[in-house]
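Structure assessment
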Amino acid sequence: MSNSSSPHLAVFLEQQNIPDQLKQLLMQVAKSCDSISSAVNRGALDNILGSAGSGNIQGETQQKLDILSNDILLEDNVASGLLAGMASEEMDTIYPIPDNLPKGKYLLLFDPLDGSSNIDVNVSIGTIFSILETTMGKSVTEDDFLQAGQQQVVAGYALYGPQTILTFTTGSGVHMFTLDPKTRDFILTKSNVLIPEDTKEFAINMSNMRHWDEPVKRYVDECLAGKEGPRAKDFNMRWIASMVADVHRVLTRGGIFMYPWDKRDPSKPGKLRLLYEANPMSFLVEQAGGLSINGKETILSIKPSQLHERVSVILGSKNEVSRVHEYHLDR
Ligand code: P6P
């Protein structure tokens, strides 16, 4: 879609009916993603691959790029005067804006670099972000972040792949911008993205099959049965193990992405995090005409009870997610 008349991000935002401070915040986040993209592209040249030798609250080993990406987002946005606080997959607790700095009314939540297991093997990774509102200038606590996903004012991601693509919604459709490596401008390349209601492509980590709950196993078995089975059509499977890349494919050509609850750790509702992975992706998918559920309920309706809460995720093409939903209700 891009041509010389395609608007830059700043021009596009000027045309949007959203508060100026939110436009400024989106521009700032885009700038941070541009910086992360440059760091990711440099990789081993700057000795920033591999483990940082530390762990996060999720119990995961932090990669050097995880921490660098987190620091870029913190440092770029802390003094913007637009935020009351930030929260990150890589930080145990929330980050309130210090009292000596100007405060705003937005909360910025992010997974600074999603798909970290792919960093060292040069497979697409990304930044996921979500913006909530609070009272202007408030000294925030964790409770201010515990809002249902339907309260988000912005959701988006930056995908660091063959191109760097910034995708976001402000509640008026989903729009995609490609980073021009020469000018470092984000150029609108796809607007009002819509997910096809049907698909022949499913995404799930098949190695966990023996641990799945019955409704998910029933759905995947039917996909695997292909033309000879009850679906009477063949399916294809994809699994990149970077949620950003898998969801970008679903937004771009349809599909169903699943990281469901499984019985490896029954106390955990799922692997993916609700506030800064599932909620932003669910807002994008619903704005693009898809569905996003945890099995029985829509993810955007879930009221969080803790910052790093996890959730089962089944999202994508409307008619496929509806089928999985029915199987959960039938059980
Ligand atoms: P698995 C990446 O670590 C992540 O959080 C998501 O981006 C991705 O979809 C999932 O985990 C991959 O998990 O168990 O297949 O490695």
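Since the model is a prediction, treat every value here as computed from it, not as a measurement.

1. Observations concerning the pattern of salt bridges
Applying the stated rule across the entire model yields 18 salt bridges. The salt bridge partner of Glu201 is Arg249, with a shortest N-O separation of 3.6 Å. Separated by 48 residues along the polypeptide, Glu201 in strand β11 (residues 201–203) and Arg249 in helix α5 (residues 243–253) bring together distant segments of the chain. For the pair formed by Glu201 and Arg249, the shared burial category is buried. Across the salt bridge formed by Asp234 and Lys227, the nearest N and O atoms sit 3.2 Å from each other.

2. Description of unusual backbone geometry
The backbone phi angle of Asn47 is positive, close to 55°, even though this residue is not glycine. On the secondary structure map, Asn47 appears in the loop between α2 (20–42) and β1 (51–55). By relative accessible area, which is 57% here, Asn47 ends up exposed. Although it is not a glycine, Ala241 sits at a positive phi angle of roughly 70°. By the element assignment, Ala241 lies in the loop between β12 (236–237) and α5. Under the relative-accessibility criterion, Ala241 is labelled partly exposed at 36%.

3. Overview of the UniProt feature "binding site: Mg(2+) 1" (unreviewed entry) in the chain
With numbering aligned to this structure, UniProt lists the feature "binding site: Mg(2+) 1" (unreviewed entry) at Glu89, Asp111 and Leu113. Look at the named residues: they lie 25 residues apart in sequence, but the longest C-alpha span between them is just 9.0 Å, so in the fold they bunch up. Mapped onto the fold, Asp111 is located in strand β5 (residues 106–114). Classification of Asp111 by relative accessible area gives buried; the value is 1%. When near neighbours in sequence (up to four residues on either side) are disregarded, Asp111 contacts Glu89, Gly126, Thr127, Ile128, Tyr276 and Glu277. Once residues within four sequence positions are removed from consideration, Leu113 is found in contact with Ile36, Val40, Leu65, Asp66, Ser69, Ile119, Ile125, Gly126, Thr127 and Tyr160.

Here is what the cut-offs are and how they apply
- Residues numbered from 1 in each chain as written.
- Predicted model: local features only at pLDDT ≥ 70, side-chain atom pairs only at ≥ 80, totals over all residues.
- Heavy atoms only, no water.
- Salt bridge = Lys/Arg side-chain N within 4 Å of Asp/Glu carboxyl O.
- Helix = DSSP H or I, 4+ residues; strand = E, 2+ residues; numbered from the N terminus.
- Buried < 20%, exposed > 50% of the residue type's maximum accessible area, 1.4 Å probe, protein only.
- UniProt positions renumbered as here; feature names shortened; annotations may be inferred.
- Contact = heavy atoms within 4.5 Å.

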